[in-house]
Amino acid sequence: MQIEQILEQQRSYFQTGATLPVPFRIAQLKKLYAAVKAHEAELCRALAEDLGKSAYESFMCEAGLVLSEISYMLRHTRSFARARTVHTPLAQFAAKSYCQPSPYGNVLIMSPWNYPLLLTLDPLADAIAAGNTAVVKPSAYSPATGAVIARLLGECFDPQYIAVVTGGRHENAALLEQKFDLVFFTGSQAVGREVLRHTAETLTPAVLELGGKSPCIVDASAKLPLAAKRIVFGKFLNCGQTCVAPDYILCHRSVKEQLVKELCAQIRAQYGEDALKNPDYGRIINEKHFDRLCGLIDREKTVLGGNSNRDTLQIAPTVMDGITWDAPVMQQEIFGPILPIISFDSFEEVYAQLNAMPKPLALYLFSEDRQRIRQLTGRCRYGGGCINDAVIHLATSEMGFGGVGESGMGAYHGKTGFDAFSHTKSIVEKKTWMDLPMRYQRYNPERYGWLLRLFLR
């Protein structure tokens, strides 16, 4: 079916009002939940084929989180969709004022390859809960998972309601030429700029979930063994191909040597002496990214790892010490299993450096100093993050997840996700049994001036 035909059918279907009743939305969420459960094994096999993910990691980081988001929406959609009464000013007496969530209509969801299941079905669950129709475009770089998603959604939904468009750049360009009511994009900053250029042409609202160089700061008070354990988990999960992975470490010079030792010990503990032989360690998505990452490894600065296997597209967890801000590895988002370490002496230099850089999607601080924690979270600008952990802040439906500035705009998950796919109408329902005369021409300041000032003070 042609893209234009899909859109025309979805627009017509949305205009019937079929997606608006809350019982309909809940029924569709139940269908989606059941389909993910039924295809769980198949999805895990596809994720292994695309990214080398183990079944355990596939459930922990993708299928399980999708099921959790759908469950959350099943519990809360009814309350989220309810109109909310607000205070009515005295000047508008007698009236009732309320805010009514309303679906945007026909939305486009464009997802990336690094978490192809999670980052496709999580926003889709939010879009369904909010009452929209949707066109879903999985990444061409994760074809096995994209094929299962297309089959799964095709079994669940009629394309006039939820449709999947597969393909590569040609299909992406064709979709962006169409007029949607909202575009939700997850991916790189470069492609995000192209998406925003296209949506600007038609004044279409967009949610952009991008990336950036997310810093991980370790101060002198940190519990280093635990910090290293959690940093290694967050950095090398999915071979570092995570938008919120710690991109680099900023470590206080007084504890840097000890931290390096702890990081190396943790990599061996979690991945073995040879991570490339670990069956649960994944791979880089394709040769292009493999070659780019290998080019970022400075052998003279490498204290652990650095070895790779082009046949399997694997790069061992790599730690590089003595890195400076002008090093090649610091000029781009790494998005792979390479962890550079930069030393610092004072937090003032950290604040100055970070606030001069593009705002990252995440920031992590390992510290036992409460004053330092309050100061850093207040002075630095970033999408979200963790104190004394990494990555896990996105694994909840109770908080919104999103970037700021160069790392994105808008957020989703839970209530924030419902709101992202909704427009909230502000409505005043005026009573007809009385009508205050003071607002009408001809004005009578002598008679109504004091009353007007009383109402509008």
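Now for a description of the structure that goes with this document. (Residues numbered from 1 in each chain as written. Predicted model: local features only at pLDDT ≥ 70, side-chain atom pairs only at ≥ 80, totals over all residues. Heavy atoms only, no water.)

### Describing helix α6 (residues 143–156)
Over its 14 residues, α6 runs 20 Å from end to end, which matches the ideal 20 Å to within 8%, given 1.5 Å per residue. The set of residues buried in α6 consists of A144, T145, G146, V148, I149, L152, L153 and C156. Buried residues belonging to α6 abut α2 (22–38), α3 (40–51), α5 (118–130), β4 (133–137) and β5 (162–164). (Helix = DSSP H or I, 4+ residues; strand = E, 2+ residues; numbered from the N terminus. Expected span 1.5 Å × (residues − 1). Buried < 20%, exposed > 50% of the residue type's maximum accessible area, 1.4 Å probe, protein only. Contact = heavy atoms within 4.5 Å.)

### Concerning the sheet that holds β4
Overall, mixed pairing links the 6 strands, which are arranged β5-β4-β3-β6-β7-β18 in an open sheet. The sheet terminates laterally at β5 and β18 (408–409), the two strands that pair on one side only. On top of the sheet, α5 reaches β3 (106–110), β4, β5 and β6 (182–186); it is set at about 165° to β3, its chief contact. (Pairing = 2+ DSSP bridges. Axes fitted to C-alpha atoms, helices over the stretch in contact; angles between N-to-C directions.)

### Observations regarding the packing of α3 against helix α4 (residues 55–80)
Interhelical geometry of α3 versus α4 gives an angle of 105° and a closest axis separation of 9 Å. Put simply, α3 runs roughly perpendicular to α4. The segment α3 lies against α4, with E40, C44 and L47 engaging A55, S58, F59 and E62. Each residue belonging to the contact of α3 with α4 can be placed in one class, and the counts come to 4 nonpolar, 1 polar and 2 charged. (Parallel < 35°, antiparallel > 145°, perpendicular 65-115°, else oblique. Nonpolar A, V, L, I, M, F, W, Y, C, P; charged D, E, K, R; others polar.)

### Structural notes on the packing of α3 against α6
In contact at an axis separation of 7 Å, α3 and α6 are set at 155° when each is read in the N-to-C sense. Here α6 runs roughly antiparallel to α3, going by the angle between their axes. For the pair α3 and α6, contact is made by E42, L43, A46, L47, E49 and D50 and by P143, A144, T145, V148, I149, R151 and L152, respectively.

### Describing a nonpolar patch on the surface
On the surface, L90, F93 and W433 cluster together into a nonpolar patch covering about 360 Å² of accessible area. Residue position: L90 is located in the loop between β1 (84–86) and β2 (95–103). (Patch = residues over 30% accessible without salt bridge, like charges linked within 9 Å, V, L, I, M, F, W, Y side chains within 5 Å. Areas by Shrake-Rupley, 256 points an atom, 1.4 Å probe, with all protein chains shown as cover. Salt bridge = Lys/Arg side-chain N within 4 Å of Asp/Glu carboxyl O.)

### Concerning the sheet that holds β2
Spatially, the 3 strands line up as an open sheet ordered β1-β2-β20, and their pairing is antiparallel. Each edge of the open sheet is held by one strand with a lone partner, namely β1 and β20 (422–430). Strand after strand, the sheet turns through a mean of 30° between neighbouring axes, direction not considered. Here 3 bridges tie β1 to β2, and the two strands are oriented antiparallel to one another.

### Examining the packing of aromatic side chains
Per the stated rule, a full pass over the model turns up 15 aromatic pairs. On the basis of an interplanar angle of 80° and a centroid distance of 5.5 Å, the ring pair of F157 and Y161 is categorised as edge-to-face. Look at Y161 and you get buried, because its relative accessible area is 4%. (Phe/Tyr/Trp six-rings, centres within 6.5 Å; stacked < 30°, edge-to-face > 60°.)

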